[in-house]
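Chain and residue survey
One-letter residues, chain by chain:
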Amino acid sequence: MSQPIAPDAPAPASKAAPKVVSAWAPFGQRAFALLWTATLISNIGTWMHDVGAGWLMTTLTPSPAIVALVQAATTAPVFLFALFAGALADRLDKKVLLLVVNAVMAIAAALMALSAQAGIMTPALLVAFTFALGAGAAFIAPAWQAIVPSLVPREALSPAIALNSMGINIARAIGPAIAGFLIAAIGLAAPFYANVISLLVIIAALLVWKPAPAPERTLPPESIFGAMLTGLRHARHNPALKATLLRALGFFFCASAYWAMLPLIAKGVPGGDAQLYGILLTSTGAAAVGGALFLPRLKEHLSANGLVNLGTLGTVGALALFALVPAVWAAVLGSLLAGASWIAVLTSLNVSAQTSLPNWVRARGLAVLLMVFFGSMTAGATGWGQVAEFASVSSALLAAGAGLLLALPFIRKAELGQGEKLDLTPAAHWPAMPALGEGEDDRGPVLITLEYAIAPADEHAFLTALHALKDERFRDGAFDWGVGQNSDDPTRWTEWFMVSSWLEHERQHQRVTKHDRELQDAVRAFHRSDAPVRVTHLIAPKR
């Protein structure tokens, strides 16, 4: 099971236009083609499982709130465990992590299939199995997304992300149709057995894949808890990522009503059955694939924000169709509209997040996006399920559509794609820090000070540049920051920041990107002295 997963600054107008990269270019990389194909098969199995689980729950209980719990049990584990999984992915061998988690998931899927076949499945057991598989997806998703930049050249990153999203929707187009056929022809356990086979396929592909050797570590890995804190701090002080997260929150909470209510939408249509449910999911996936192929043309006329706004309005239209027109044709049309809208929003958000993150924190940053995505989906599925329980499915869908419209004015200033203009490759311009001696690198905290000589006329511009640099200090590992003016000599200013240990400061030297260096150079440009900026390090005493 897998989940949907920085170019250089634009050239000046006087230079030649950048080379256009084909949407299919990533398939020229053997590793990408192998893992993309295996992931496609795995996602087909995942969608077959989801159809089976959703429909099985409708046969076990008529309660909309409990039916919606299947969606919540799928998404809640990603919200709960994604950051921990991202920290693991940033410090462990990603191939080994993926192999182990997929093997555990295959065992859980096999037990679920056997339980369904034996007729011993209950609503509680179904939710438990779904939660377990969702937990596996939580540990897989950050690692899957983080390896994409290592599979393709930098200029092919955006097409690779789009192809990943397209693959998921191809699976969505194929999987539900097969699941509906298998349920009708064989029984409800069949989709679960198919999911087991798909997981074995992804395991085989991972065994074949030979990743490039990882750069040799010169420093010990971070502790898991420390890595999680660093990832959260980076996300908090990364404006490009924060804008993406806000956009995601504004869309997914309300859009989750579609996924949570779809089994009930299918069942509420006259003559609706498992096959119609599969057809609706297939329609969604087919429209998403078509939308992915059409996106490059749309991007010639619309920005990423425009695409997300268009996708939001399309989702509102789909929810209105489901709620107001209880007919097969309306349900299919609504699913087509929802699928095309979903891919426009999801691809735009994924590309924006990927391009806003440097490699050293990529898995953790993407994990934060997944937390927002799945947390919104979980809260939305649960909430809209309760609305449907006490009012009606139509009322829940209309309320979700109204929520999407109301959110648009509040998030319009959250610009996507800010990271596309930034060079987030390592700068490596800070000198290596000397080791303190055996067993002493964990001494801390460490206070770093930088003393600047600033002309009075430059004070305002200097402080403006310095406050822009503040976020960089936090992104790279600082937990506190400040600036002060010398009372005896007003031209002397001191910037200071603190990190947890000497070892963390050594890591900080390795994390600085070329964009960070530009921010630092902008501050140092105001330094008015023949002597360089004075840097001091104050370390807490030995314990």
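Values in this document were obtained by computation on a predicted structure and should not be read as measured data.

Each value, and the rule that gives it
- In every chain, residue numbers begin from 1 and rise along the written sequence.
- Confidence filtering applies because this is a predicted model: local features only for residues at pLDDT of at least 70, side-chain atom pairs given and counted only at 80 or more, and all residues used for totals across whole chains, interfaces and linings.
- Values shown for side chains rest on all heavy atoms present in the structure; no hydrogens or waters enter the calculation.
- Secondary structure counts use DSSP, requiring at least four H or I residues in a row for a helix and at least two E residues in a row for a strand, with both numbered from the N terminus.
- Each residue after the first adds 1.5 Å to the expected span of a helix.
- Relative accessibility thresholds used throughout: buried, under 20% of the residue-type maximum; exposed, over 50%; partly exposed, between the two (1.4 Å probe, protein chains only).
- Regarding the arc, it is the one traced by the directions from the helix axis to the C-beta atoms.
- Pairing between two strands requires that DSSP report at least two bridges joining them.
- Axes here refer to lines fitted to C-alpha atoms; in helices the fit is confined to the stretch in contact. Angles between the N-to-C directions go from 0 to 180 degrees.
- Angles are sorted into four bins: roughly parallel if under 35 degrees, roughly antiparallel if over 145, roughly perpendicular if 65 to 115, and oblique for all others.
- In this scheme, a crossing is called left-handed if the near helix is turned counterclockwise away from the far one by less than a right angle; it is called right-handed if the turn is clockwise.
- Whether two residues are in contact is decided by their heavy atoms: any pair within 4.5 Å suffices.
- Residue classes follow a fixed rule: Ala, Val, Leu, Ile, Met, Phe, Trp, Tyr, Cys and Pro count as nonpolar, while Asp, Glu, Lys and Arg count as charged, and any other residue, Gly among them, counts as polar.

1. A short note on helix H7 (residues 224-236)
Helix length check: H7 (13 residues) gives 18 Å between terminal C-alpha atoms against 18 Å at 1.5 Å per residue, within 8%. For H7, the set of buried residues is Ala 227, Thr 230, Gly 231, His 234 and Ala 235. Looking straight down H7, one finds that the buried residues subtend no more than 130° of arc, so they occupy a single side. Exposed side of H7, more than 90 degrees from the buried face: Phe 225 and Arg 236 are the residues found there.

2. Remarks on the sheet that holds strand E2 (residues 480-485)
Judged by pairing direction, the sheet is antiparallel, and its 4 strands sit side by side in the order E2-E3-E1-E4 without closing on themselves. Edge positions in the sheet fall to E2 and strand E4 (534-539), since each of these pairs with one other strand and no more. Recorded for the sheet is a direction-independent mean angle of 20° between the axes of neighbouring strands. As defined by bridge partners, strand E1 (residues 446-453) adjoins strand E3 (residues 492-499) across 8 bridges and the pair is classed as antiparallel. Counterpart to Tyr 452 in the pairing with E3 is Trp 493.

3. Remarks on the packing of helix H1 (residues 30-60) against helix H9 (residues 274-299)
In contact at an axis separation of 11 Å, H1 and H9 are set at 140° when each is read in the N-to-C sense. Relative to H9, H1 is oriented oblique. In this structure, H1 meets H9 at a crossing whose hand is right-handed. Of the residues in H9, those in contact with Trp 47, Asp 50, Val 51, Gly 54 and Trp 55 of H1 are Ala 274, Tyr 277 and Leu 281. Partitioning the contact of H1 with H9 into residue classes produces 6 nonpolar, 1 polar and 1 charged.

4. What to know about the pairing of E1
Among the 8 residues that make up E1, 6 are buried, leaving the element largely enclosed by the rest of the structure. One ladder, built from 6 bridges, connects E1 with E4; its direction is antiparallel. Looking across to E4, one finds that Ile 448 is bridged to His 537.

5. What about the environment of Gln 275?
Within the secondary structure layout, Gln 275 lies in helix H9. Judged by relative accessible area, which is 41%, Gln 275 ranks as partly exposed. In this structure the C-alpha to C-alpha distance between Gln 275 and Gly 180, which are 95 residues apart in sequence, comes to 4.6 Å. If we skip the residues at most four places from it in the chain, Gln 275 touches Gly 180 and Ala 184.

As far as function goes, none of this settles anything; it's purely spatial.
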